[in-house]
Structures are given as C-alpha cells and as structure tokens.
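Structural characterization, general
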Amino acid sequence: MPQAPVDVADLVRQAGAEARARHGDRITVETNGPLPVLVSADAVEQVIGNLLDNACKYSPDNEPVRLSCGRGGGEVVLVVEDAGPGIPPADRQRIFERFTQLDASATARAGGVGLGLYLARQLAHSQGGRLVVADPVGGVGTRFELHLPHPAEAVGS
C-alpha cells in the first residue's frame, strides 16, 4: 500500500464516524490537533475499523468505546478502549496469531474466524508501526494501541 503524508487526527475522526454508522453513538472520538504521519491511509483505516468493530463486539451494548489519538514517546499513538471483559496478560500476544479467539460466545453471536487482529497487526507492521495490547486505564476493559512513527522517522531521517 503506497504511503503518503496523512493527518492521523482526520483518519481517526473519519473512522469514528464510520463506526458510529455501524454501531451507534457508543463510539466517542478524541483528537488534539493535527498529527502528521507517512502511511497508507487505507491501511490505518482498516486497523482502526477492525479494532472498533472488535471493541463493540466484546463490550457490553450500553458501554462506550473510545477512540483517541495523540503523541507519545516520539510516536503518534492511536488508542481504542472498551469496557469489555479485557484480555489476560498471558494472552496478549496470542490474540494476534491466526485463527485465535478468546471468547467463543462472542464469536458465536457476531461471527468471525480469528483473523482480524492478525491482519491488523500485519497492516500496522507494513506501515512501520506496531499494534499492542496495553493495560487498560482503571484496570477494566481492553486497550489497543497503534503506534506509528513520525514522518521524519518513517523516511529514515
């Protein structure tokens, strides 16, 4: 996927609007000014969409799902947080393997074969980024972070 200069804050707002169309007003979006990166907008949108769809699938219907972006540690960081059952620390790497699902009941409800997080991580890597599960704020739910390099780092300056 070809890379170009993109404002991640714009991608986050767009992905949030698309997710609200699919899942209702439970999606909240927070951005703090422009965040330029050098990525494929399509790849980043696919990662965000997958994370939001998963968050809505595994979080209780009446609980919000939060999408935000900002700077952290010399990177641009996109965050998807939910109030679902969370992911045990021992499973946080395993969930990115192909055909892996932790909650069979949610899968039966909403479908899926366990490829979404695997593909999301591959797309993140293809953009020079990384997709990780972090400790949720307040200890409840799940927190995914997509870390993307700043443009100067992305082009090797």
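It should be emphasised that the depicted structure is a prediction, and the values quoted were computed from it without experimental measurement.

Here we look at the overall build of the protein chain
Along the backbone of the protein chain there are five helices and seven strands. Ordered by position from N to C terminus, the α and β elements of the protein chain give β-α-β-β-α-β-β-α-α-β-β-α. Counting the 157 residues in the protein chain, one finds 46% classified as buried. In the form shown here, the protein chain has an accessible surface area of approximately 7,700 Å², with 53% of it arising from carbon and sulfur atoms.

Things to note about helix α2 (residues 41-58)
For α2, which comprises 18 residues, the first-to-last C-alpha distance of 26 Å matches the rise-based estimate of 26 Å (1.5 Å per residue) to within 8%. Taken as a whole, α2 has its buried residues at A43, V44, V47, I48, G49, N50, L51, L52, N54, A55, C56 and K57.

Quick word on helix α4 (residues 116-126)
Within the span of α4, buried status applies to L117, A120, R121, L123 and A124. An end-on view of α4 places all buried positions within 160 degrees of arc, on one side of the element. Contacts from the buried residues of α4 go to α2, β6 (130-134) and β7 (142-149). Two residues or fewer past α4, G128 is found with a positive phi of approximately 75 degrees.

The rules behind the values
Residues numbered from 1 in each chain as written. Predicted model: local features only at pLDDT ≥ 70, side-chain atom pairs only at ≥ 80, totals over all residues. Heavy atoms only, no water. Helix = DSSP H or I, 4+ residues; strand = E, 2+ residues; numbered from the N terminus. Buried < 20%, exposed > 50% of the residue type's maximum accessible area, 1.4 Å probe, protein only. Areas by Shrake-Rupley, 256 points an atom, 1.4 Å probe, with all protein chains shown as cover. Expected span 1.5 Å × (residues − 1). Arc of directions from axis to C-beta. Contact = heavy atoms within 4.5 Å.

Everything listed here is a matter of coordinates, which is why it stays silent on function.
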